[in-house]
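These are the residues of each chain, in order.
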Amino acid sequence: MVAAAPHQSLADKQREFMAQLLDEERALPESWTDRHAAGMDIYRNAYRARLVDALRDTYNRTAKWVGEDAYRQAAAHHIITRPPNSWTLDHAADGFPDTLRELFRSNPEVAELGWLEWAMHQAFVAADAEPLDAAGLGEIAAGFAEEDWANMRLTFLPGTDQLPIAHDIGVLWRALGEDSREEDGESPDFSAAEPLHCVVWREGIKPVFMQVKDAEGRALQMMRDGATYGGMCEALIEMLGEEDAVARAGAMLGRWLHNGLIASVSK
Amino acid sequence: MALSGSLIDNPLTGDPFSGFGLGLRRAHYADFLESDVAVDFVEIISENYMVEGGNPLRVLEQVRAKMPVIMHGVSMSIGSADGLDRDYLAKLKALADRIEPLWVSDHLCWTRTSAHNSHDLLPMPYTHDALDLVCDNIDHAQNVLGRTMLFENPSSYMTFPEDEMSEWEFIAAMAMRTRCYLLLDVNNIYVSAHNHGFSATDYLDGLPLDRVRQVHLAGHTEGTIKIDTHDQPVCDGVWDLYAKAMQRLGPVATMIERDDRIPPLPELLVELDRAAQIAEAARQPVAA
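Residues numbered from 1 in each chain as written. Chains lettered and ligands numbered in written order. Predicted model: local features only at pLDDT ≥ 70, side-chain atom pairs only at ≥ 80, totals over all residues. Heavy atoms only, no water.

Per an unreviewed UniProt entry, chain B goes by UPF0276 protein GRI41_13205 and derives from Pontixanthobacter aquaemixtae. According to its UniProt record, chain B has this under Sequence similarities (unreviewed entry): "Belongs to the UPF0276 family." (UniProt positions renumbered as here; feature names shortened; annotations may be inferred.)

The name given to chain A in an unreviewed UniProt entry is DUF2063 domain-containing protein, and the organism recorded there is Pontixanthobacter aquaemixtae.

Visitor: Talk me through helix α9 (residues 265-283) of chain B; I want residue IDs and the actual numbers.
Guide: All names here are of chain B. Between its first and last C-alpha atoms α9 spans 27 Å; for 19 residues at 1.5 Å apiece the expected length is 27 Å, and the two agree. Inspection of α9 places L265, L268, E271, L272, A275, I278, A279 and A282 among the buried residues, and these make up the whole buried set. Buried residues of α9, seen end-on, are gathered within an arc of 140° and therefore sit on one face of the element. The exposed residues of α9 that point more than 90 degrees off its buried face are P266 and V270. (Helix = DSSP H or I, 4+ residues; strand = E, 2+ residues; numbered from the N terminus. Expected span 1.5 Å × (residues − 1). Buried < 20%, exposed > 50% of the residue type's maximum accessible area, 1.4 Å probe, protein only. Arc of directions from axis to C-beta.)

Visitor: Describe empty space enclosed by the protein, listing the residues and the values that go with them.
Guide: All names here are of chain B. Taken as a whole and assessed by the stated rule, the structure comprises three cavities of 30 Å³ or more. Mapped by element, the contributors of at least two residues to the lining of the largest cavity are β7 (150-152), α5 (167-178) and β8 (181-185). Of the residues forming the lining of the largest cavity, the biggest block, three residues, is contributed by β8. Classifying every residue of the lining of the largest cavity by side-chain character gives seven nonpolar, one polar and one charged. (1 Å grid on protein atoms, 1.4 Å probe; cavity = no way out; pocket = protein on both sides within 12 Å on 5 of 7 lines; lining within 4 Å. Points joined across faces, edges and corners; volume = space filled by probe spheres on them. Nonpolar A, V, L, I, M, F, W, Y, C, P; charged D, E, K, R; others polar.)

Visitor: Explain the packing of helix α1 (residues 8-22) of chain A against helix α2 (residues 34-58) of chain A to me, and be specific about the residues and the numbers.
Guide: Residue and element names in this part refer to chain A. Following both chains from N to C, one finds α1 and α2 inclined at 65°, their axes separated by 9 Å at the closest point. Helix-helix and strand crossings are classified by hand; for α1 and α2 the assignment is right-handed. On α2, the residues touching F17, Q20, L21 and L22 of α1 are M40, Y43, R44 and Y47. Of the residues that constitute the contact of α1 with α2, the class distribution is six nonpolar, one polar and one charged. (Axes fitted to C-alpha atoms, helices over the stretch in contact; angles between N-to-C directions. Left-handed = near helix turned anticlockwise from the far one by under 90°. Contact = heavy atoms within 4.5 Å.)

Following this line, the structure appears as C-alpha cells:
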C-alpha cells in the first residue's frame, strides 16, 4: 500500500463510514440528521445489492439450484462474514463455495456446484497460453533418453483446476443451463456411483470441464503439484497394480494432451 | 515526471478530441465485432479488462483496432485517506500501455479503506484537508500512469456536516492544483442538485469548463432522493442541462452510459443521436 499524507481525521471518518456501510445495526454518528440516515440507507442498499448481483453473475447455476430465497440468504451471509477487501469485484465471489459448504451441510452437491462455477469463472479470464499437442510432445520426446520420461514434469494451462467430488455435478451443470428454470420440489439425487474428480481448464476462449475417475484425478493432482511422470506412475501402481497402471498412465497423458490441458513439458 | 496533455488533445492542432460514443458492454460485443457501429469511440470499465487473459481482452483488442477507446475506472479510490492501491495502479497502467486509450478516467470519490472495499462510489467531505489528500493522490496516480487523467464529478446521496466548500469549488481547486482534466457527468449534477438543493446552473458556472474533455449522460431512478442507476434512458431534465452545458463548453467527447437493463444497441444510438443534435444546436449562434 502506498502511504498517503497523514490525514488522520479523514481516515477515521472513512473507517467509520465503512463500518456504517457494513453493519446496519451500528449507531449513526451523533452529528448526523435523519437526512444523513436516509442517505446512508441508500449506500447500504447499493452495497448489498451490488455484491449479491455480482455473486449471482458468477454463481448463477448455484442460485437456481438452491432457489432465490436460499441464495439471497447465503449471499448475505457471505457478504457479512467475508466483506470484500480487493479492488476487483471478482474477488468478492472468492470463497463463496466455502460459505455454501458451511450453510448447505445436508446438500454437499451445492458447494461442489459452486466450486465448479468459480473455477469456470477463473479459467475464463486466466492468462492466455497455447496447449501442447501430441505432435509437440513427440518432437520434444524424440530427444528423450529412457530416464527422461521418468523425470518428465508437466506444466498445465493457466486456469486449470480440479476438485474431488462425490456428485455428478456435470449433469447438474447441464440441467441448470441458461434456458433452465429455478428448481422447485424434491431435489433428485446426483450422488456419483464412485469418487470422481472434476477438472476445469480453458479451450481457446471457452472454459470447459470433465469428470475423471479417482485414480486419474489423483494422478493429475500429483502432476499439477510438480511430481515427475515416474513418481506419478509409481503412485498409480500402488493404486491400480502394475499392469493397469502402465496402460492407464499412457492413456491419461494422451487424454490430457488431446484435451489441451498441458502447456509444456520439462525433464 | 512531465505529464503530457497531448495524450488527450490532438498533438498537431491542440484541439480536444470530440465525438459521440457509447460504453462497451458485454451485451453489445457481437455488434461491435461483427459490424461497423456508428460511434466515434467506446468507453470501457477499466476493471472489467484488468484480467490475465481470455475473451474480454480479446474482444477489447479487436474493438480497439476499429476505434479509439477510453478507459473509465471505478476502483482507483482517489479520495481514500489510506492511500492508493499499488497493485491496482500497476494493473491499470499495464492495461493502458496495452490498449493506448484516448485517456484514463475515474471518479472523485473513495471506495475503500485499507481493510475493506465497498465497490461503491462513496462521497467525499468537501474540506481543505480532503482537497489536499485528493490532490496528493491525483499527483501520485498521474505520475505512476505517466498520463494526465480525467476525474468525474460524482452523484451523491448525503453531504457532511464538516463541509467547507461546495462540490464545484472543490473540483475547481482540484483541477487547478493537479492540472487534471474533468469528466462532466451531467446526470450526476442533475441528481446531486436535486438531492442537496443546489442550482445545477451555479454548478456549471463554478467549474473550470476549459478543463472538461468528456461528458457523460445517463438515466437515474426518481424518488425523494434521486439515485444514479444508469438503468433507463436520459430524462428531459438531463437533456436540458446537457444543452446548457454544451452552450458553455467547447468541443468535447460525449457518451451515453447504460449499465443495467441494457437495451439493443440501436436504442442507444438513437439517444446518442439526440445528444449530437443538442450539441450541434448549442454551437449555433443565438438569434438576436
